[in-house]
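Now for the letters of each chain:
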Amino acid sequence: MKNLKHIKYVLTENPITFGSVILFLLFILTAIFGPLLIPFDPLASDTENALNPPSALHWFGTDQLGRDVFSRVVVATRLDLFIALVAVILSFVVGSILGSLAGYYGGWTDRIVGRFLDTIMAFPLFVLAMAIVAALGNTIENIVYATAIINLPFYARVARAEVNVLRNSPFVEAALVSGNSHMKLLCFQIFPNAMPPMMVQLSLNMGWAILNAAGLSFIGLGVKPPDAEWGIMVAEGANYIISGEWWVALFPGAVLMLAVFCFNLLGDGLRDIFDPRKRS
Amino acid sequence: MNVPLLDIKDLSITFKTRQGNVPALENISFHIKKGETVAVVGESGSGKSVTAAAILRILDKAGQIDHGKIMFSGMNLLEFSERYMLNIRGREISMIFQNPRAALNPIRSVGKQIEDIIRMHGPVTKKNLYEHAIAALNTVNISSPEHRYHQYPFELSGGMCQRVMIAMAISCRPSLLIADEPTTGLDVTTQANIMELIKTKSTELHMSTLLITHDLSMAAQYCDRIIVMHAGHIVEISTTDDLYKNPLHPYTKKLITATPSERGNVDDIEFIPGNLPNLLTESLNCRFSNRCEFVDEKCVNNKLLYTEVSPTHSVACWRAEENATA
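Source: prediction; values computed, not measured. (Residues numbered from 1 in each chain as written. Chains lettered and ligands numbered in written order. Predicted model: local features only at pLDDT ≥ 70, side-chain atom pairs only at ≥ 80, totals over all residues.)

This part covers the overall build of chain B. Each helix and strand counted, chain B has twelve helices and twelve strands in total. In summary, chain B has a C-alpha radius of gyration of 21 Å against a globular reference of 20 Å for 326 residues, a match within 12%. Looking at chain B as a whole, 41% of its 326 residues qualify as buried. Here the analysis covers contacts within chain B between residues at least 6 apart in sequence; of these, 64% occur between residues at least 24 apart. (Helix = DSSP H or I, 4+ residues; strand = E, 2+ residues; numbered from the N terminus. Rg over C-alpha atoms; globule rule 2.2 N^0.38 Å. Buried ≥ 20, exposed ≤ 12 C-beta atoms within 10 Å, placed from the backbone. Contact = placed C-beta atoms within 7 Å.)

Given below as structure tokens:
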């Protein structure tokens, strides 16, 4: 009850958070129910009506094969959110564990984890993602792995820094003398306190992950045509911008931008929700 | 009741630092009887908190126990496995800290934090847990515990937080409570309340209390016996009355004159000259010799002498006999 009240408070206090939450819910609903509601089959081509501008029938126009851009943008939501979400959760979980252990135990654990992360960070991240997908094969699964790996260092670093500071705080010592084991300290005392900054990272990363997935598809790695995905759609539409058929690239691009924007704004709201100190 | 609850024998602890070894505690011996309230008094860096950390075995890795025994109810705590220590901490020996607000988890309601410790140490059903937590809040005289249960540390005053800490510390009825400067950072009236609470609870639960403080007058007010520490040595152990009537160590004397009293004039307060010796570089037989006005060759050249003046009063000074007669 109190939690719900708090969430309501956070939402009403900050209109930007409120807006981003609404937008987020809209994306989630679109991802879940969108494929059931779309007016056209996203894969059905209709060459006679290729490259029609937006109209009452085709809200976002049609592409070079006469497919309805609106339907394709809607259907793509599920795939893009799925890739981003799974990748982010994966890197959140692995990154938190690695970072927390490094931050708590320090010494050799810290050194080994630190150098491992530095190695990842040493590559230009997008190039690394390209290399991973190219090496492992062109599948959605591999885009998820690639995205997770390049995001890993960010979580691990935030977790390490937070845990490292918190482990010396008096309440951790107090918990230690009341009989908690080190694992319990780390999992139930320290980590929950590291959550607020982690949540900000999580939300920011959702945006990056979507951009990354779309970027990989844009350059031809990852999702393959004719599957609908924002990155591919922008890539395909890019050929027609010069000849004046702007809608093919613009709409998926705009939705992509909106999604990234939404997740970036969501971060602050999530932090406020997870931090009870904001409850007053 | 011949075996004291806590009996520390000849305990020495060295901290290994990059600059060298620091002998933080040297040959510490003292005991606490069941139900007794004992104060460890000394200035910052005298080894009070290290002693407490050693009892609970929470010294950090740099701190090494060179020799000695910490007998608790007849068993040597230093021989226990880390796993077994988890059952000692919080159940047999608990500790409260200075700055109570920082010693509570900032993102967990105080009620939940009390429940955590009760759950950890006792077979309690989920339903009973809430009642136990409320009861614990009640024992430390917190008003409207049902309301406080849901509050977070930042919503409570410092004194209230310390009450919660005490509630947590005594929730499992430990036989020893270590209070590490429990009133630092609280205002004077709250200080008195907290000390009274600790005193009442230790009597009620037949709990021994080790009070760590730099405030000699507070120690005198609440404790049966006082242990005076200086730079990792125990310089004097005595019953409170005896210590005030007949202080034998020059440091104790200085401490007493440096404490403002109701009768005395503020101008009469004397400072203790000098600082604690740098244990990293200086190896002294008597670690007070640099600051002592009575120092002579005997003090500098011979190992520290512990003299038992009476069964309840011992002092670590070569010139104790002279001081007693003086």
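Read on, since the account is not over.
As a further point, take the overall build of chain A. From N to C terminus, chain A includes ten helices and zero strands. Along chain A, helices and strands appear, N-terminal first, in the series α-α-α-α-α-α-α-α-α-α. Dimensions of chain A, computed from the C-alpha atoms along their principal axes, are close to 75 × 45 × 30 Å. Intrachain contacts of chain A at a sequence separation of at least 6 include 69% that bridge at least 24 residues.

Once that is clear, we can look at the packing of helix α3 (residues 110-121) of chain B against helix α4 (residues 126-139) of chain B. Residue and element names in this part refer to chain B. Across the interface, α3 lies against α4 with an axial gap of 9 Å and an inter-helix angle of 110°. Classed by the angle they form, the pair α3 and α4 counts as roughly perpendicular. The crossing of α3 and α4 is right-handed. Where α3 abuts α4, its residues Gly111, Ile114, Glu115, Ile118 and Arg119 lie against Leu129, His132, Ala133, Ala136 and Leu137. Looking at the contact of α3 with α4 residue by residue, the classes come out as six nonpolar, two polar and two charged. (Axes fitted to C-alpha atoms, helices over the stretch in contact; angles between N-to-C directions. Parallel < 35°, antiparallel > 145°, perpendicular 65-115°, else oblique. Left-handed = near helix turned anticlockwise from the far one by under 90°. Nonpolar A, V, L, I, M, F, W, Y, C, P; charged D, E, K, R; others polar.)

Moving on, we get to the interface of chain B and chain A. Taken residue by residue, the interface counts 24 residues in chain B and 16 residues in chain A. Listed by contribution, the elements that provide at least two residues to the side of chain B that touches chain A are α2 (82-88), β6 (93-96) and α3 of chain B. For the side of chain B that touches chain A, the element with the highest residue contribution is α3(B), accounting for three residues. Per-class residue counts for the side of chain B that touches chain A are 15 nonpolar, seven polar and two charged.

With 169 residues, the main nonpolar core has B:Ile178 and B:Ile227 as its most contacted residues. Per-element accounting of this core gives the leading share, 18 residues, to helix α8 (residues 182-218) of chain A. Other than its neighbours up to four places away in sequence, B:Ile227 contacts B:Phe30, B:Val38, B:Ala39, B:Val40, B:Val41, B:Ile234 and B:Ile237. (Core = buried A, V, L, I, M, F, W, Y, C linked by C-beta atoms within 7 Å.)

Residues and elements named next belong to chain B. Residue alternation in strand β12 (residues 313-316) divides its side chains into two sets, His313 and Val315 and Ser314 and Ala316, and both sets are buried. Of the strand pairs in this sheet, strand β10 (residues 233-239) and β12 are connected by two bridges, and their pairing is antiparallel. In the sheet register, isoleucine 237 faces β12, and the bridge partner there is serine 314. Here four bridges tie strand β11 (residues 306-310) to β12, and the two strands are oriented antiparallel to one another. Looking at the pairing, threonine 307 lines up with valine 315 of β12. (Pairing = 2+ DSSP bridges.)

Residue and element names in this part refer to chain B. The eight strands lie next to each other as β6-β7-β8-β3-β9-β10-β12-β11, forming an open sheet whose pairing is mixed. Looking at strand neighbours, the two that pair on one side only are β6 and β11, the edges of this open sheet. Across the sheet, the axes of successive neighbouring strands diverge by a mean angle of 20°, strand direction being ignored. The pairing of β6 with strand β7 (residues 176-180) spans four bridges and is classified as parallel. Residue pairing across strands places isoleucine 93 opposite leucine 176, the latter belonging to β7. Each of β3 (37-41), β6, β7, β8 (208-213) and β9 (225-230) touches helix α1 (residues 48-55); the most contacted strand, β7, lies at about 150° to it.

We now examine unusual backbone geometry. Residue and element names in this part refer to chain B. In this model, aspartate 10 sits at a positive phi of 55°, which is unusual for a non-glycine residue. Locating aspartate 10 in the fold gives a position in strand β1 (residues 6-17). On the basis of neighbour count, aspartate 10 is assigned to the exposed category, with 12 C-beta atoms found within 10 Å. Not every positive phi belongs to a glycine, and serine 144 is a case in point at roughly 35°. Residue position: serine 144 is located in the loop between α4 and α5 (145-148).

All names here are of chain B. Here four strands make up an open sheet; going across it, the order is β2-β1-β4-β5 and the pairing antiparallel. For this open sheet the edge positions go to β2 (20-32) and β5 (75-76), each flanked by a neighbour on one side alone. By the bridge criterion, two bridges tie strand β4 (residues 63-72) to β5 in an arrangement that is antiparallel. Looking across to β5, one finds that methionine 71 is bridged to asparagine 76.

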